[in-house]
Amino acid sequence: VGGNRYDMVHAWSNGTGFGFTGRAFTQNRLTDIIASNNDDAGLSLTGSYYGTLWSEGLTAGNNGSDGIYLNQGGNAVVTAASAFSNGRHGVHVYGCTSCMLAAVTASNNAQDGVLITKTSTGQRPAGNRFLNVVAVNNGSDGIEMFEASSLVLRHTTVAANGAYGL
């Protein structure tokens, strides 16, 4: 699915699924998305979302799993986002390459504020940038990185998390 624009989408209280999900998502723009109180992730983008995916003004809270889940794609840009009080991680970057999170706050999540990890098949996250990220009051780590390479963290705040800051 490509070349689309999704504005002011509210996806909440969906049973066994995601609030907003996309697969093979390219050249799309998401603005003012609210994904909350879903049984699984608030926003889930899976597979080859190479090309530019912009998400601005995203709110993902009180979801059963991750607030924002970026799975094995690349070149996604998430700005002005808030991921809070989710059942797992605020933001989960799973095997992504060349993605950017800017002005993102992850707070009060059950596990990590931001988790950056390789996939089960070994695809490592590489070339990702995290700018002005705030990870506070999460149950485990503020930001956890597992086998990531060429990562840039700038102007990042981690505080009052249950385990490690970084």
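In this text the structure is predicted, and so the values were computed from the model without any measurement.

**A closer look at the overall build of the protein chain**
In terms of helices and strands, the protein chain carries 0 helices and 16 strands. In terms of overall dimensions, the protein chain is globule-like: its C-alpha atoms have a radius of gyration of 14 Å, near the 15 Å expected for 166 residues. Classification of the 166 residues of the protein chain by burial places 46% in the buried group. Pairs at least 24 apart in sequence give 54% of the contacts found in the protein chain among residues at least 6 apart. Of the roughly 6900 Å² of accessible surface on the protein chain, a fraction of 49% belongs to carbon and sulfur atoms. Charge separation in the protein chain, taken as the distance between the mean sites of 8 positive and 10 negative side-chain charges, equals 9 Å.

**Here's the deal with the pairing of strand β11 (residues 100–107)**
With 6 of 8 residues buried, β11 is to be regarded as a mostly interior element. Here 7 bridges tie strand β9 (residues 76–84) to β11, and the two strands are oriented parallel to one another. Considered in β11, the bridge of Phe-84 is made with Ser-107. Judged from the 7 bridges that link them, β11 and strand β13 (residues 129–136) form a sheet pairing that is parallel. Residue pairing in the sheet places Leu-101 in a bridge with Phe-130 of β13.

**Points about the environment of Thr-117**
Tracing the backbone shows Thr-117 in strand β12 (residues 114–117). Its relative accessible area of 11% is what places Thr-117 among the buried residues. Those residues in contact with Thr-117 that lie beyond four places of it in its chain are His-92, Val-93, Tyr-94, Gly-95, Pro-125 and Phe-146.

**Quick look at the nonpolar core**
By size, the foremost hydrophobic cluster in this structure holds 26 residues, and its most contacted members are Ile-68, Leu-70, Val-91, Val-93, Leu-101 and Val-114. Taken together, the elements giving at least two residues each to this core come down to β6 (43–46), β7 (53–61), β8 (68–71), β9, β10 (91–94), β11, β12 and β13. For this core, the element with the highest residue contribution is β9, accounting for 4 residues. Apart from the residues lying within four places of it in its own chain, the contact partners of Ile-68 are Leu-43, Leu-58, Ala-60, Val-78, Ala-81, Ala-83, Gly-90, Val-91 and His-92.

**Some remarks on the environment of Ala-163**
Take Ala-163: it is sitting in the segment after β16 (157–159). Relative accessible area serves as the criterion here: at 44%, Ala-163 is assigned to the partly exposed category. As a C-alpha pair, Ala-163 and Asn-138 span 25 residues in sequence and 8.6 Å in three-dimensional space. Among all residues touching Ala-163, those that are not within four sequence positions of it are Gly-139, Ser-140 and Asp-141.

**Re the side chain of His-92**
Counting through the fold element by element, His-92 comes out in strand β10. One polar contact links His-92 to Arg-88, side chain to side chain, over a distance of 3.4 Å.

**Some words on the pattern of salt bridges**
A full pass over the atoms with the stated rule returns 3 salt bridges. The partner of Asp-66 in a salt bridge is Arg-88, with the nearest N and O atoms 3.3 Å apart. Here the residue Asp-66 occupies a position in the loop between β7 and β8, and Arg-88 occupies one in the loop between β9 and β10, the gap between them amounting to 22 residues. Residue class for Asp-66 comes out buried when judged on its relative accessible area of 2%. Across the pair Glu-147 and Arg-124 runs a salt bridge whose closest N-O atoms are separated by 2.6 Å.

**Considering the state of the cysteines**
Under the counting rule described, the total for this entry stands at 0 disulfides. Cysteine Cys-96 is unpaired, with the sulfur of Cys-99 as its nearest cysteine sulfur at 4.4 Å.

Conventions and cut-offs
Residues numbered from 1 in each chain as written. Predicted model: local features only at pLDDT ≥ 70, side-chain atom pairs only at ≥ 80, totals over all residues. Heavy atoms only, no water. Helix = DSSP H or I, 4+ residues; strand = E, 2+ residues; numbered from the N terminus. Rg over C-alpha atoms; globule rule 2.2 N^0.38 Å. Buried < 20%, exposed > 50% of the residue type's maximum accessible area, 1.4 Å probe, protein only. Contact = heavy atoms within 4.5 Å. Areas by Shrake-Rupley, 256 points an atom, 1.4 Å probe, with all protein chains shown as cover. Lys, Arg positive; Asp, Glu negative; His and termini not counted. Charge placed at Lys NZ, Arg CZ, Asp CG, Glu CD. Pairing = 2+ DSSP bridges. Core = buried A, V, L, I, M, F, W, Y, C linked by side-chain atoms within 4.5 Å. Polar contact = N/O pair within 3.5 Å; in protein donor to acceptor, adjacent residues only side chain to side chain. Salt bridge = Lys/Arg side-chain N within 4 Å of Asp/Glu carboxyl O. Disulfide = S-S within 2.5 Å.

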